[in-house]
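Here are the chains, one letter per residue:
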Amino acid sequence: MPATPVMRRLPWRTVALCGLLLGNVPGCGPGILGGGEFDWLEDGRDDPPPVSTRAIQLRWRRQLTPDYEGAYVPVERSAPALDPSRDRIYVGTSAGQLLAMSSSGARIYGYEGGGGIMAQPALDVRNDELYVATEDGVVHRLRAEDGELVWRAEIGGAVSQPMILTEDALYLVTDDDSVVALDRDSGDALWRFRRDAPEGFYVSHHAGITLTDGRLLTATTSGVVVSLDPADGSLQWERDTSVELEPGPDGTPRFADVDSTPLVMDDVVYVASYAGGMYALELASGTVRWRDEELTGIVSMEPASDRILILSSGDLGVVALDRFDREILWRRQIPRGAPAEPLVARDLVLFGETQGGFITLALQNGRELGRIETGHGFNARASVIDGRGFVLSNGGSLLAFALPGAR
């Protein structure tokens with residue numbers, strides 16, 4: 001389905017502002033910011049949760065939401081955005097509040113977003129801009145320094161995946177399969193590409209977006225991987241992975257969704273159909289190089305090196321895969337729930353169990369080096385910069401930790 005142009009064609013700039021985005025953003029890789037580092041302080045910290053680890057040091061814990069004690073505990077998915085040059089952490093909660101904090105956990109300000117915040121905020125340090133998307137389909141541009149609202153834009157769908165900033169535009173994908181480009185200055189819609197989500201059974205996770213070489217890549221609930229022109233949203237190519245699946249009782253494939261954010265390495269796009277396995281596609285055309293139908297249940301992929309990928313799978317657990325010969329180097333089953341999105345930091349793999357703890361594995365062999373328990377599990381991805389890390393647990397507890405060797 002072609003995009004519906006809105007307003008005007010975007011004058012495309014080929015380089016995204018990756019160096020200005022803190023946290024881990026699909027298409028840009030980990031954000032890097034020179035000058036400044038976090039200053040850990042120990043005053044006023046909450047009692048730490050149970051911890052057994054030889055790999056990371058827990059520094060403090062802060063409860064950001066009401067401390068739920070009943071059967072229902074909110075799931076938190078927002079990864080913090082980090083700015084060590086200003087000693088700032090920006091994190092959203094399912095209760096709809098965006099919090100700016102210091103690295104010691106002191107509150108600087110709060111902003112009420114209205115709907116739950118599940119996506120990592122997008123941060124432009126140079127221009128003092130912070131973009132926050134909510135579950136009720138609204139994007140808020142704030143002044144990062146003090147949280148003052150600059151503009152808000154209604155986009156009509158929940159956002160749970162990180163956004164991408166370029167010099168001119170903000171790109172995001174909604175959970176109902178719309179890709180939207182907004183003008184950074186005004187919040188006006190530049191264009192929109194939409195596919196209707198199908199009826200049937202699919203996983204609640206959704207693919208994010210990747211920006212590379214003049215292409216905006218994402219995937220849909222129906223199992224279609226698309227490459228769009230960032231300037232106007234026009235379709236460059238698409239690949240329907242659902243055609244490889246057997247139909248279910250209702251005539252449509254079950255769990256045909258592609259939930260992993262497209263990962264581009266060299267000229268190859270790596271994606272995964274939840275039920276259909278992992279694919280390697282040609283970046284230029286979407287042509288299938290190979291498909292491994294045994295690698296099912298994958299919702300995220302993280303590069304550990306030029307050769308090794310770390311996969312998070314509801315079926316297989318956490319897997320280290322050689323992307324060239326497709327050999328599984330090691331595999332770690334998850335006894336409680338499913339693995340959240342992994343993060344590779346130095347020689348460690350950090351991830352949460354959705355119904356368990358925050359786990360540290362050795363990258364070399366998958367051996368568990370430690371875990372932190374809060375009692376509610378972890379769905380959010382961790383954020384790490386300069387050896388300092390933060391992760392939000394289900395139930396709203398923000399944990400600060402340090403990697404080995406970090407001051």
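The structure presented is a predicted model; accordingly, all values stated were derived computationally and were not measured. (Residues numbered from 1 in each chain as written. Predicted model: local features only at pLDDT ≥ 70, side-chain atom pairs only at ≥ 80, totals over all residues. Heavy atoms only, no water.)

Along the chain, the regular secondary structure elements total zero helices and 36 strands. Across the 407 residues in the chain, those meeting the buried criterion constitute 60%. Taking all contacts inside the chain whose residues are at least 6 apart in sequence as the whole, residues at least 24 apart take part in 49%. For the chain, the computed accessible surface area is about 15700 Å², with 47% contributed by carbon and sulfur atoms. (Helix = DSSP H or I, 4+ residues; strand = E, 2+ residues; numbered from the N terminus. Buried < 20%, exposed > 50% of the residue type's maximum accessible area, 1.4 Å probe, protein only. Contact = heavy atoms within 4.5 Å. Areas by Shrake-Rupley, 256 points an atom, 1.4 Å probe, with all protein chains shown as cover.)

Attention now moves to the sheet that holds strand E22 (residues 263-265). Spatially, E22-E23-E24-E25 is the arrangement adopted by the four strands of the open sheet, whose pairing is antiparallel. This sheet does not close on itself; its edge strands, each paired only once, are E22 and strand E25 (288-292). Direction aside, neighbouring strands of the sheet carry axes that sit 20° apart on average. Bridge count for strand E24 (residues 277-282) against E25 is four bridges, and the pairing is antiparallel. Bridge pairing in E25 links Ala280 to Trp290. (Pairing = 2+ DSSP bridges. Axes fitted to C-alpha atoms, helices over the stretch in contact; angles between N-to-C directions.)

Bringing the sheet that holds strand E9 (residues 107-112) into the picture now. Taken together, four strands build an open sheet; the order of strands is E6-E7-E8-E9 and the sheet is antiparallel. Each edge of the open sheet is held by one strand with a lone partner, namely strand E6 (81-83) and E9. Geometrically, the sheet is characterised by an average inter-axis angle of 15° between neighbouring strands, direction not taken into account. With five bridges joining them, strand E8 (residues 97-101) and E9 adopt antiparallel strand pairing. When the bridges of E9 are listed, Ala100 appears paired with Tyr109.

Here we come to the packing of aromatic side chains. For the structure shown, the criterion picks out six aromatic pairs. On the basis of an interplanar angle of 55° and a centroid distance of 6.0 Å, the ring pair of Tyr131 and Trp151 is categorised as tilted. Residue Tyr131 is found in strand E11 (residues 129-133), and its partner Trp151 is found in strand E13 (residues 149-154); the two are separated by 20 residues along the sequence. Classification of Tyr131 by relative accessible area gives buried; the value is 0%. (Phe/Tyr/Trp six-rings, centres within 6.5 Å; stacked < 30°, edge-to-face > 60°.)

Turning our attention to the nonpolar core. The biggest cluster of nonpolar side chains holds 18 residues, and the ones touching the most others in it are Ile56, Leu350, Phe358, Phe401 and Leu403. Counting only elements with at least two residues in this core, the list comes to strand E30 (343-345), strand E31 (348-352), strand E32 (358-362), strand E33 (368-372) and strand E36 (397-402). Not counting chain neighbours up to four residues away, the residues in contact with Leu403 comprise Ala55, Ile56, Ala345, Arg346, Leu348, Leu350, Val384 and Gly387. In terms of nonpolar packing, the next biggest core, distinct from the first, is built from 16 residues, Tyr270, Ala280, Trp290 and Leu321 among them. (Core = buried A, V, L, I, M, F, W, Y, C linked by side-chain atoms within 4.5 Å.)

The backbone of Asp128 shows a phi angle near 55°, a positive value even though the residue is not glycine. Mapped onto the fold, Asp128 is located in the loop between strand E10 (122-124) and E11. Overall, the relative accessible area of 13% leaves Asp128 in the buried class. In this structure, Arg326 is a non-glycine residue whose phi angle is positive, near 60°. Here Arg326 is to be found in the loop between strand E28 (317-322) and strand E29 (328-332). In this structure Arg326 comes out as partly exposed when scored by relative accessible area, which is 31%.

To continue, consider the pattern of salt bridges. For the coordinates displayed, the defined rule picks out 22 salt bridges. Between Glu154 and Arg152 there is a salt bridge whose closest N-O contact spans 3.9 Å. Here Glu154 falls in the exposed class, since its relative accessible area comes to 65%. Two residues, Glu293 and Arg291, come together in a salt bridge whose shortest N-O distance is 3.7 Å. Owing to a relative accessible area of 26%, Arg291 belongs among the partly exposed residues under this scheme. (Salt bridge = Lys/Arg side-chain N within 4 Å of Asp/Glu carboxyl O.)

Time to look at the pairing of strand E35 (residues 388-392). Taken across its five residues, E35 has five buried, putting it largely inside the fold. Every second residue of E35 is oriented toward a common face, with Arg388, Phe390 and Leu392 on one face and Gly389 and Val391 on the other, all of them buried. In sequence, strand E34 (residues 383-385) turns back onto E35 through a hairpin of two residues, with Asp386 there showing a positive phi of about 55°. Between E35 and E36, which follow one another and run antiparallel, lie four residues, and Gly395 among them has a positive phi close to 90°.

In this fold, Ile117 is placed in the loop between E9 and E10. Judged by relative accessible area, which is 0%, Ile117 ranks as buried. Sequence-wise, Ile117 and Ser94 are 23 residues apart; in three dimensions their C-alpha atoms are separated by 5.3 Å. Not counting residues within four places of it along the chain, the set of residues in contact with Ile117 comprises Ser78, Gly92, Thr93, Ser94, Gly96, Gln97, Leu98, Val132, Ala133 and Thr134.

Our next topic: the environment of Gly137. Among the structural elements, Gly137 can be located in the loop between E11 and strand E12 (138-143). The buried category is assigned to Gly137, whose relative accessible area is 1%. It is 4.3 Å that separates the C-alpha atoms of Gly137 and Gly157, two residues lying 20 residues apart in sequence.

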